[in-house]
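# Examining the three-dimensional arrangement
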Amino acid sequence: MHKTLGNTAMQWLLAAGAGMLSMGAPAAPATPVESGLPRHPWVVPPPDLQPTAHFTNLKDGDVVQSPFVVKFGLALRGLVPAGATVGNAGHHHLLVNRPLPLDFKKPLPFTDQYIHFGKGQMETALDLPAGTYTLNLLLADQGHIPYFVFSKPLRIRVERAPARRSVQEVLGARRVELLAPADGATVRDAFRVLFHASGFHVAHAAFQAAPAGHFQLTLERKGAKPEVIAFPGGHTESWLQPPPGDYRLTVQLLANRGGVVLATSTPVQVRAESSRGAESSRGAERLAIAGAGR
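Scope of this entry: the structure provided in the associated data block. Quick caveat, the model's predicted, so the values are computed rather than measured.

Turning our eyes to something else, we now look at the sheet that holds strand β10 (residues 175–180). In spatial order, the strands read β10-β12-β15; together these three strands make up an open sheet with antiparallel pairing. A single partner strand is all that each edge strand has here, and the edge strands are β10 and β15 (237–240). Neighbour-to-neighbour, the strand axes of this sheet turn through a mean angle of 25°, independent of strand direction.

So this is what it looks like as structure tokens:
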């Protein structure tokens, strides 16, 4: 994976290095190439170069108890609050039992089935009656006009919890987290890192209004200087391919105004391996076994 880069992937890397975002510029059409991503040798193109929205804590067919949390993910785009224009960044919209719009040139309505997250939120809690629901996640620009950046439809069944919980109890305390990879995981070649903020607003660093912030990821390994990768474009995930080794990953949310640390995640321990190295090890084992049998 990611050993040979095609033209599109090379474009992606060049655009990421250029950091081509300008405050106040009109939103460009959606393309597979996203600008403004960090320029770092460990940041690599994802397998799918098409920007998409997705749900990070739910999967199709899940059964949940109301109220429940819905967490939003976004690939190859950044977040910025409604009313602000920063390149192709946008804000989330959750559609409840509503299909994607037929006309992507009209602003989304404000109803209880078109829920707007115009402050840069990454989650919400839904308190729905028991039943079956279809959820769609859709990114839109400063004027709530949708981009062609959306999730696959998510079908869930909602049940009423035996013991009533408040929405605040379900959401929990304000915090930032690493949703992936899991603590103690072994990853091979390129892997996705998912950031999440609960109770905070995430935005491109050009958006200076308080209390918005952007993510910064730190990777530590024994005997080496920590690698710090900032995501000023409002991105909430990245694909990485570090050298093989054991790493301690921590994500922080930095205030766009002043740069103070708003929150720090619990560290995650990860072992990174290379397919090439693993294949070489297996080859050496086979040769040793063959030699012992002579």
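There's more to say after this.
The biggest cluster of nonpolar side chains holds 49 residues, and the ones touching the most others in it are F68, L135, F215 and L217. Grouped together as the second largest cluster of nonpolar side chains are seven residues, V80, A84, V86 and F207 included.

Okay, the layout of surface pockets next. Approximately 480 Å³ is the volume attributed to the largest pocket. T52, A53, H54, A75 and R192 are, among the 25 residues lining the largest pocket, the residues nearest its centre. When its residues are assigned to classes, the lining of the largest pocket shows 14 nonpolar, five polar and six charged.

Glancing now at the pairing of strand β16 (residues 245–255). Counting buried positions over the eleven residues of β16 gives eight, a clear majority of the element. As defined by bridge partners, strand β13 (residues 213–220) adjoins β16 across eight bridges and the pair is classed as antiparallel. Considered in β16, the bridge of Q216 is made with Q252. Of the strand pairs in this sheet, β16 and strand β18 (residues 268–273) are connected by five bridges, and their pairing is antiparallel. Residue pairing for β18: Y247 is matched across the bridge by V270. Note that β16 and strand β17 (residues 261–264) share three bridges and pair antiparallel. Bridge assignment links L253 to a residue of β17, and that residue is A263. What sits between the antiparallel neighbours β16 and β17 is a turn of five residues, in which G258 has the positive phi angle 100°.

Right, let's talk about the pattern of salt bridges for a bit. Across all of its chains, the model carries eleven salt bridges by this definition. For K71, the salt bridge goes to E177, with nearest N and O atoms at 3.5 Å. Taken together, the residues span a long stretch of sequence, with K71 in strand β3 (residues 68–75) and E177 in strand β10 at a distance of 106 residues. D246 is the salt-bridge partner of R271, the closest N and O atoms lying 2.6 Å from each other. Of this pair, R271 sits in strand β18 while D246 sits in strand β16, and the two are 25 residues apart along the sequence. Judged by its relative accessible area of 43%, R271 falls in the partly exposed class. Judged by relative accessible area, D246 falls into the partly exposed class, the value being 43%. Several salt bridges share partner residues, and in doing so they unite K71, R175 and E177 into one network.

Rules used in this analysis
- Residues numbered from 1 in each chain as written.
- Predicted model: local features only at pLDDT ≥ 70, side-chain atom pairs only at ≥ 80, totals over all residues.
- Heavy atoms only, no water.
- Pairing = 2+ DSSP bridges.
- Helix = DSSP H or I, 4+ residues; strand = E, 2+ residues; numbered from the N terminus.
- Axes fitted to C-alpha atoms, helices over the stretch in contact; angles between N-to-C directions.
- Core = buried A, V, L, I, M, F, W, Y, C linked by side-chain atoms within 4.5 Å.
- Buried < 20%, exposed > 50% of the residue type's maximum accessible area, 1.4 Å probe, protein only.
- 1 Å grid on protein atoms, 1.4 Å probe; cavity = no way out; pocket = protein on both sides within 12 Å on 5 of 7 lines; lining within 4 Å.
- Points joined across faces, edges and corners; volume = space filled by probe spheres on them.
- Nonpolar A, V, L, I, M, F, W, Y, C, P; charged D, E, K, R; others polar.
- Salt bridge = Lys/Arg side-chain N within 4 Å of Asp/Glu carboxyl O.

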